[in-house]
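Breakdown of the fold
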Amino acid sequence: MIESIHTKEDLAERKTPPTIIVIFGASGDLTARKLVPAIFNLSKDNLLPNKCFLIGYGRSSMSDEVFKDELKLALKSFSRREIHELQWNQLEKNIFFHAGPYDDLSSFNKLEEKITSLEKGISSKAQCLFYISTPPGVFKPILENLGESGLARRNRGTNTASKVIIEKPFGHDLESAHELNLVINKRFDESQVFRIDHYLGKETVQSLLVQRFANSIFEPVWNRNYVSSVQITVSEDLGVGTRGGYYDRSGALRDMIQNHVMQLLALTAMEPPSSLNPESIRDEKVKALKALKPLAIYGENPEVVRASYAAGLVGGKPAKAYLDEEGIPEDSFTETYAALRLYLDNWRWKGVPFYLRSGKRLAMKASEIVVQFTRPPAILFGQDSRFRVSPNLLVIRIQPNEGVTLYLNSKTPGLETKLQPIKLEFGYETTFGSDTPEAYERLILDALNGDGTLFIRGDEAETSWGLLTPVLEHWASQRSHGLESYASGTWGPLEADKLLLESGHEWITGKSYD
Ligand code: NDP
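**Re unusual backbone geometry**
- In this model, Lys 168 is joined to Pro 169 through a cis peptide bond whose omega is 0°.
- Inspection of the secondary structure assignment puts Pro 169 in the loop between β5 (163-166) and α7 (174-187).
- Of note, the bond from Gln 399 into Pro 400 is cis; its omega dihedral lies within 30 degrees of zero at -10°.
- Mapping Pro 400 onto the fold places it in the loop between β14 (393-399) and β15 (403-411).

**A short note on the site of the ligand**
- Neighbouring residues of the ligand: 20 residues in total, closest Ser 27, Asp 29, Arg 33, Ser 60 and Tyr 102.
- Between the ligand and Arg 59, the relevant distance is 2.7 Å, taken from an oxygen atom to a main-chain nitrogen or oxygen of the residue.
- Within the contact set of the ligand, an oxygen atom lies 2.8 Å away from a backbone nitrogen or oxygen of Thr 134.
- When the ligand sits alone it has 870 Å² of accessible area, and the protein chains cover 75% of it.
- In terms of residues, the shell around the ligand owes the most to one element, helix α2 (residues 29-44), which gives three residues.
- Tallied by class, residues from the shell around the ligand come to seven nonpolar, seven polar and six charged.

**Considering the domain arrangement of the protein chain**
- The domains assigned to the protein chain are domain 1 (2-167) and domain 2 (200-501).
- For domain 1 and domain 2, the distance between their C-alpha centres works out to 33 Å.
- Listed by partner, the interface residues are 26 residues for domain 1 and 20 residues for domain 2.
- At the boundary of domain 1 with domain 2, the tally comes to two salt bridges.
- The tally of links between domain 1 and domain 2 comes to four residue pairs in polar contact (both at pLDDT 80 or more).
- Of all the elements in the fold, those that place two or more residues in the side of domain 1 that touches domain 2 are α2, β4 (127-132) and β5.
- For the side of domain 1 that touches domain 2, the leading source of residues is α2, giving seven residues.
- Class assignment of the residues belonging to the side of domain 1 that touches domain 2 gives a composition of 13 nonpolar, six polar and seven charged.

Thresholds, definitions, all that
- Residues numbered from 1 in each chain as written.
- Predicted model: local features only at pLDDT ≥ 70, side-chain atom pairs only at ≥ 80, totals over all residues.
- Heavy atoms only, no water.
- Helix = DSSP H or I, 4+ residues; strand = E, 2+ residues; numbered from the N terminus.
- Near = heavy atom within 4 Å.
- Polar contact = N/O pair within 3.5 Å; in protein donor to acceptor, adjacent residues only side chain to side chain.
- Areas by Shrake-Rupley, 256 points an atom, 1.4 Å probe, with all protein chains shown as cover.
- Nonpolar A, V, L, I, M, F, W, Y, C, P; charged D, E, K, R; others polar.
- Domains from an automatic or database assignment.
- Contact = heavy atoms within 4.5 Å.
- Salt bridge = Lys/Arg side-chain N within 4 Å of Asp/Glu carboxyl O.

Encoded structure:
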């Protein structure tokens with residue numbers, strides 16, 4: 001199994017075999033905004049093999065030339081770095097479009113012929129990376145046809161074995177995720193499969209493991225003895241925009257919590273892995289997820305809250321209610337906000353609440369993990385109500401401004417003894433500059449190198465769905481009964497604050513400590 005790659009030198013030296021990247025859904029939004037810019041930037045950094053071809057696959061009938069023109073435009077609009085004519089000329093020679101339906105085996109057979117003819121031209125075995133970037137309804141036929149056409153089995157057992165990246169969402173409940181895993185497992189080895197969650201490609205998320213396990217000051221206090229709560233917030237200030245139809249079938253729990261937020265929880269809560277081997281890391285993540293206690297869904301003290309946004313003001317501008325957005329049925333009961341209180345039933349975390357929340361049209365866009373430490377004993381400063389002894393906080397900021405802040409108590413200058421929380425701050429951009437690779441660059445490169453560390457394993461996806469599916473089922477049975485409301489531009493419904501009150505906590509993200 002491949003060890004995780006750490007240095008740019010390692011990356012450049014690692015010889016990826018000649019590669020053919022096939023993107024399904026190549027005329028789509030993700031391809032234009034993220035995938036093609038990522039591939040271009042990898043190429044610009046010489047991190048792709050010299051022989052690397054890109055085939056766009058889609059139902060749209062498009063010539064190679066039109067496809068190339070679209071990609072060039074996409075690069076101009078979305079690449080983090082400028083594209084020079086010379087670089088484009090090098091790239092575009094190796095770009096093709098293959099038009100066909102996703103559920104037609106003969107079209108996959110023709111794709112296989114195209115791949116074989118490209119391979120003949122380079123007189124060496126190429127590895128294929130299939131990137132499924134379509135709406136989830138067609139994941140299954142694509143995977144089946146990759147199997148039937150033999151494309152899934154190409155060079156299996158060698159370092160040029162086919163690989164497949166599958167976009168989110170991976171299923172919409174436990175049953176559908178399990179079915180999708182069965183479709184995959186029948187055709188691919190798990191080592192060939194890369195279920196993507198682009199959050200895992202973000203610098204701060206990768207750096208979480210380094211922070212926890214390469215600094216001796218954190219690990220001794222990373223447990224129930226010193227941590228009083230962990231909070232994870234993934235908030236957006238935007239509403240559903242033009243994607244109302246898609247969003248209404250999903251909701252906050254499926255769209256954000258099941259994947260991004262649960263992944264952040266797993267990385268924060270997991271035990272130290274025995275090595276940086278992808279399987280060791282993923283084993284520990286699965287163990288953490290399996291330790292989560294089933295949620296109290298109803299009754300006197302439920303641990304779940306759902307709500308949808310009402311009209312309000314966002315950034316000083318009026319914003320309409322979810323039910324008034326384009327494409328939302330008037331009887332919709334989809335949640336645009338979800339909050340949970342979870343406990344892990346294990347030695348390290350027994351009794352420590354993990355509060356998770358995610359929503360749209362909240363006060364600001366932010367993704368943060370906040371580790372709140374226990375208050376110091378009230379012997380010196382804590383006894384006097386004039387002193388404000390705040391708990392220490394470690395805030396791991398994933399966006400915006402990726403970085404880490406540690407809040408400590410300090411004395412304010414002057415003759416009086418007054419306490420105030422101060423911040424020790426680290427920002428990625430301030431320290432390392434702004435030329436950080438995007439998440440998709442890291443993830444595509446890792447998949448090409450067969451490194452699954454930053455991807456979700458099949459059992460991880462199912463464990464996360466297993467915890468949340470009873471909540472989804474209950475909500476579906478209740479329809480709008482129990483669905484709270486919050487004004488756009490706020491931090492969500494009051495009921496979500498109540499989840500924390502019992503343990504004397506409050507949401508930290510969005511609160512000013514300055
Ligand atoms: P799009 O809706 O843009 O669809 C991608 C392509 O798939 C389309 O260009 C179309 O290509 C084909 N397609 C669209 N609808 C259907 C359909 N009903 N049946 C068959 N084919 C269809 O999707 P995105 O590019 O936005 O997203 C792709 C995947 O990535 C999705 O799974 C999404 O959840 C995920 N994702 C997207 C993000 C984003 O920012 N866009 C972010 C994170 C994940 P053609 O007609 O040419 O075949």
